[in-house]
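One letter stands for each residue in the lines below.
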Amino acid sequence: MSSALAHSASDEDFSPRALNLEQSPTFSGNEEEVEDDQAGGYSTRMEELLSDGDDEHGDAEADDDGGFVYDGVDADQVTGDNYRDQLRDVLGPENSYDESEEQEVELVLLQENNSASNELPRDVPHVDIQLDVSASTSASLVMSSFPHSRVGSPAPSGPFLQFPKPFLHPDVSRLRSFTPKASPTPSAGSPHAQALNSFSPSLSHFSEISRTSSPSTGNNGLPIVQEREVFRWSSLRSAGSQLYNQKPAKASSVLGDPIMGAPMVLAVNGFICVGTSKGRIFVFDFKQTLKCICGSDTSGSIVGPVSAVALSNDHTFIASGHTTGYIQLFNLKNPEVAARTVTPVTSAAVMSGRQEGHLTGSRIINISFVAGRHTAVVSADEHGLSFYHSLGKVLFVEASDTIRIFGNYHGEEASISGHPADPLSQQNALDRPSFRRRRQPRNTVLAMSTLPLGPLPHSTDAYQIAALLTPTKLVVVGLKPTPKTWLKIMRDEEQLSSPAYRRRGCLAWFPSVQDSSTEKSDKTVGMKNAKSGKLPRYTPTHPVLSYSWGSHVYLLRVHEQKIKQTVSNSRTGKTSEIEVGSLVFEEAGKWMMDDAVLAIQWLNVNQMAIFTATALSIYDVHGMKMVEAVRFDSSSLVSPSLGSTGNGSISYSESVRDIAHSIRTYKGKFFLLGRQELFVGTLLSWADRILSFVEQGDFLSAIDLTRTYYTGEAPGNRNGLPEDPEERQIVIADKIYDLMVASSRYAFSEDRMTDGTHASLDGRGVDRTSLFEDLVATCARACIALDDFDFLFEELFQQYENAGIYRMFLHQLEPFVLNGSISSMPPRITQRLVALHEEDGHPDLAERIIWHIEPSCLDINQAINLCRTHQLWDALVYVYTRALRDYVSPIIEFLALIRSLQQNPAPTDTVIKNAYKIYSYLATVLCGQIYPSQEPMEPEEASFAKRDVYSFVFCGHSTTWPAEGGNLVLTSQDESGTEPTYPYTRLLLRFDAESFLHCLDMAFEDSYLHDFSDMSRLMIVKILLDIMSSEDLSPSDATFMNIFIARNVPKYPYHIEVAPSVLHNILTALATQPEVETREDRQLAAEYLLSVYTPHDGDRVLQLFEDAGFYRILRSRYRHERRWGPLLTAFLHDPELHPSEIFSGLEEAIASAARDNKKQVPGDVINVLTTSLDQLLQVDVFATASLLDKHAPQLHETALERPPLSDDRDQFIYLNHLVPDSEYDQYSTTPSSPTHINSRLRHRFVSLQCRFAPAGVISVLKRLQDGIDWPTALSICEEAGAYDAVIWAVNYSGQPQEALSKADVFEKQLTLDLARTLASPAPGSTDSVNKCLNDLQAIGRRGISVCMEHSSSSSPAEVPLEDIWYQLLGSQIHTVQTLSACCSTGKGSDAGLEGEVLSTLRAIVQETFASLVSVSSTQAVSFPRLFKRLVDPAIHSGTTGILYTEFRAILTGMLESYRTDGDMLIISKHLIDRDVFDYVELYAKEKMRGWAPSCGVCSSCGRTLLPSQADVEGVQIRLSRTGTIYHLRCSALDS
């Protein structure tokens, strides 16, 4: 079959010129072959069914091509059996303002193939459209087929000892201490057991009959799905042959043919008018018949090329503007000679004031007729001038009147059009910035157009409105009654910043038409008026102006507003009120395109076509959204300004995009003037798009597309469809059904078997299985949308059954059943579908089908037999409950399964899991829900189900079911065994008491048990007590029964009344049960019970609780009785408590005990703490230290003697926590001073600090200074080697010289040790050297701090500063000299280590000298005298050479350091000076240049800065550097 979608041009552009249409594979054959392929084919049938009328012309004419095609030959009148006639009833009236004219245009454009030429039309192919298609998927809630096996529960006993109990996990059971809500568990095959995988309907995909393109990624990252035709383009070949196929100029001169020139501009309005470069205008009708050629060779040589053309409203006159400034008016009755001619004027004539008009050589860029007049036109040229021309005659002599309505001549001062103070002008400014004079070059007119007359009169017609667009403003003027500017809108400053978008603008009017929202009511009123003899009156819409600047598009709606004004008669003096009209403009919308807009055209009242350089977009004005977008190449169209690029008046880049004159729309059709061809196009309606699939034979895509229109999900425009969803569905519903019928008949017809769709190039044939599979899925989706399945289950299934492929039908239908789209179908199909999976050996798939089908559609016998045979318990329950409304039979089936477990010593896990489903079923039904979906039942059905279940489960004896004609339901292992009382309850309890009681706990919350008298909570509790008294249950089962009763008695005190003796027995049983696993559960149940029952023997019960480990209850009781010692013991012995909970509880208890004992901790509490110290220290040392320090500090020494603190480091951590601001202080609550630590502990802590953290000894001494013995502390530090701490302590006692003497002694001792180590190195000596160096550095820095402290004091005379500095430097230099002498002997073997030692020591001396220099009180220290004392040979006899050498090295290093610092300061100064100069220079330039204002109005009040020229001197203005400008008075008010 031929496919209109088979050929695609380049994906990069939409270029009519670049399209090689003859190469399309679709049109590779001749016409006869195409007709043969389609004879009696599917597309013909689709065209017939989409038409509501009968085929009156037989099959001979049914094969005619009904698309918008042009074969280059003038067409005769078409017959009624064409494409549009078939869809006329479907399409309905489009939103057009003249339906009859549109039909006329459509009919004359349709060409039949019965002409002499058999050449097929050259359709312009569509282009790809990028759509965002997201598939919606649904998945059911995933529920496990059975719960996890219970962990830590009591060991089962009785007949089910060997079975694991998988129904409830201990963390899920409501009888446990943690009680999240549990959910009943369905089977694996239920709809909630697993997510549905891969059940979404697949798209049709089969060769040429139903094709889909593979998804790919577009430019925007969106998937490009199946190609969709948006526009249908065709070439007007007959007209184009006369416009483009002209002979060369030399041949024309030889043959005497006229030279018509190349096409330049286009106008379409009743006729197709094309202006040429030789000043001629071709006029064609829509049959492509050349009606006339306006102009002659003589006039063309004078007026020059046509640059603008317009057709009058009644299609009788043509106005043309030319590149030379001429304007001509042609009467089509006499087209050879211009009826009127407006010649351009000279500059001299304009300056003298004798003439107005376009200057000679000014290219006319726009021309337009005014309203319905023939001789009134408005024109605009490239220099920004626009004129109104009234081309009349007086006494048979031309009397043209020209009025300038916009622009200024070159050299003329720019003036403001309209009065700024005009209230109407301000009212219509739409909150835009007001007009102001600009210092810019003279503007050109980007676009100009007058408001055309619509099919309905409107009040704005009388004003004869014209809109002009310049790069900076939009101006709307009215020519009647007097010329007046009605609106000025200034362009935003931000848009002017882009040079590429600055000179891009266009506009288009849409006139008044009938309002579609009132169309029905207008027709009704019109019929009534017709009966009464009155003329019909219709409601018109307001005219709309669309205009663009750059990429921004705006909409303005205009209407008239009547204002009453009082007018006085000058002669009589009387006043009267008259109505004066004014135009009001309302902003109707705005949006932004991706690129600059090159042309705007209206398709209808709701849709606009917007052309950019690379795209053609259709915008829905009503919905304010883009509905279509295709690629477009603007360079393929004619630009009338291209010839002006040679003189430099316009650049080539701007000219090539000047295509607005090559694009026109008329009655919903596009007309494009290309460089090689003239094209016409149509935006496809919904029926066009459907038939485009039909013509290809892709009937499945046609059905899917029609369905999306029905549901409102179809992409793109919806031309021809009602806006109202209900009306749209009424229109489309019948078409979907007809498509499905025709598609199914075609798929199973004999014609399809011979039409070539099964043939392949190799002759082996093509597998069409996917065709029949996708037909089912497509029709199913359509029937789901229509909510009508008669066709699917009757006609279509019968066809598949007759063909013997019903299994294929069922397989394709199954996904829709599983996802819930189809839940009801005839029982015969359900029977086939279930049997299909049973035959294939997949009973689990059959179970899924049973789940998702309405019970009334099932074959009950088939379903029950299937479920019993394959152990499909969930499905069996579903059939019983939903189809038969029998809620007892599922219990009987499960009880029989449980009974079989008693007789089977080795059951499988599957059998056990299935048996446990009885508890899920009971919990669901007793809560009024459907099993297993948990959907709520209807109230009446829920009551019925609960009554039956309760009556059966708690029946006191074995019973028969059904009640009439049923069998006796037994529970004993042997058939002849004795049945106990309440047999079914006992069996459920013996199998798993916890699971059964869990179900009852959920059921107790339902209101049924206190709304109905046949069963109550008290009755159930009494039955359980009766069963428990028989003592035939295991201890664990009895435990859970006690827990259940204990927890529910307090919850329902008005419904469950039990004797106190029974409650006492239950409480005692909970406390005496030895099971450790259920201790917390039993304790929680006991707490519940104690809330409503107080035992008479409290002491005995407390002892039982203590033996049972119910510490939470004990704590509550002891706290209530204010027994603090036992309360602490209960906290300490509870293994369930977190350490933080233990200590917080102890803290609270001890504090409460102290409050009761006059703020003294009682002795019993102290005793408990003393005996529990080991346990507390093992739990948390820090928290224990904090607790004891706050409440029992006398226990610190006892705690340190305990085994947990036997290690010295643990003692250090313990004591360190008691010192505030320490690194171990995370739990500390001690005050800033550790007053609770005695002197012995303080000394112990200092000793441990020196051992484990010597760097912090000084800080410890500061914190412990008030409670220590200083000589003892100094002795401890000196023995531990904390020399800097000793120096600090001596200086702190006010003896700086003594402190430095200590430093000298320590340094000499360390120097001696260091010299010995260097002289006799041994393994590990490096660590000793490093330790000595660290100690020397610490001593040196501490000595520096001592000297600096006293040097900075206010009274330096108290301490001889020079002496202490000399003392410090002398000892340091002596150390350096001694080690330098030792190293110079060469006895040491490690030269690198020796060098490191000397450099470190010299750095200490340098640091000391630097500190000496930096102190501010150096006047008390004479540096020369100090230096002389340091180098005195008398002091250092025998070491002069070494002494001077060391001093030279030290001083050289200091000087180098100072020199480096000086260089850095100089560099920084230069950098700062340079930056300061640059910024000052920039500031000076900015200040000299001045600041430009951002707008021409006051930023505060919003008024103009200079109301008039006279107020210039009196107005004071302030301008900020940010560009904000305002009146000075407004600034004062704001401040």
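Residues numbered from 1 in each chain as written. Predicted model: local features only at pLDDT ≥ 70, side-chain atom pairs only at ≥ 80, totals over all residues. Heavy atoms only, no water.

Asker: What is the right way to read the overall build of the protein chain from this model?
Answerer: Along the backbone of the protein chain there are 54 helices and 35 strands. Counting all 1535 residues of the protein chain, 51% fall into the buried class. (Helix = DSSP H or I, 4+ residues; strand = E, 2+ residues; numbered from the N terminus. Buried < 20%, exposed > 50% of the residue type's maximum accessible area, 1.4 Å probe, protein only.)

Asker: Help me understand the pairing of strand 22 (residues 544–549), please; the structure alone is not making it clear to me.
Answerer: The side chains of a regular strand alternate, first on one face of the sheet and then on the other. In terms of burial, strand 22 is a largely internal element, 6 of the 6 residues being buried. Here strand 22 shows no split at all, with Val-544, Ser-546 and Ser-548 on one side and Leu-545, Tyr-547 and Trp-549 on the other all buried. Bridge analysis of strand 21 (residues 505–510) against strand 22 gives 6 bridges, and the strand direction is antiparallel. Its bridge partner lying in strand 22, Phe-510 is registered against Val-544. With 6 bridges connecting them, strand 22 and strand 23 (residues 552–568) associate as antiparallel partners. Paired with Ser-546 across the bridge in strand 23 is Leu-555. Where strand 22 folds back onto strand 23 in an antiparallel hairpin, the turn is made up of 2 residues, including Gly-550, whose phi is positive at roughly 60 degrees. (Pairing = 2+ DSSP bridges.)

Asker: Just to check I follow, could you spell out the sheet that holds strand 25 (residues 597–602) for this structure?
Answerer: Backbone-to-backbone hydrogen bonds pair the strands of a sheet. The strands run either parallel or antiparallel. Taken together, the 4 strands give an open sheet; going across it, the order is 25-26-27-28, and neighbouring strands pair in antiparallel fashion. Each edge of the sheet is formed by a strand with only one pairing partner; in this case those strands are strand 25 and strand 28 (625–631). Direction aside, the axes of adjacent strands within the sheet are offset by 20 degrees on average. Where strand 27 (residues 615–620) and strand 28 come together, 6 bridges link them in antiparallel fashion. (Axes fitted to C-alpha atoms, helices over the stretch in contact; angles between N-to-C directions.)

Asker: Quick question: what am I supposed to make of the pairing of strand 13 (residues 364–369) here?
Answerer: Burial of strand 13 is extensive: 6 of the 6 residues sit out of reach of the surface. Across 5 bridges, the pairing between strand 13 and strand 14 (residues 376–381) is antiparallel. Each bridged residue has a counterpart across the sheet, and for Ile-364 the counterpart in strand 14 is Asp-381. Between strand 13 and the antiparallel strand that follows it, strand 14, lie 6 residues; Ala-371 among them carries a positive phi value of about 55 degrees.

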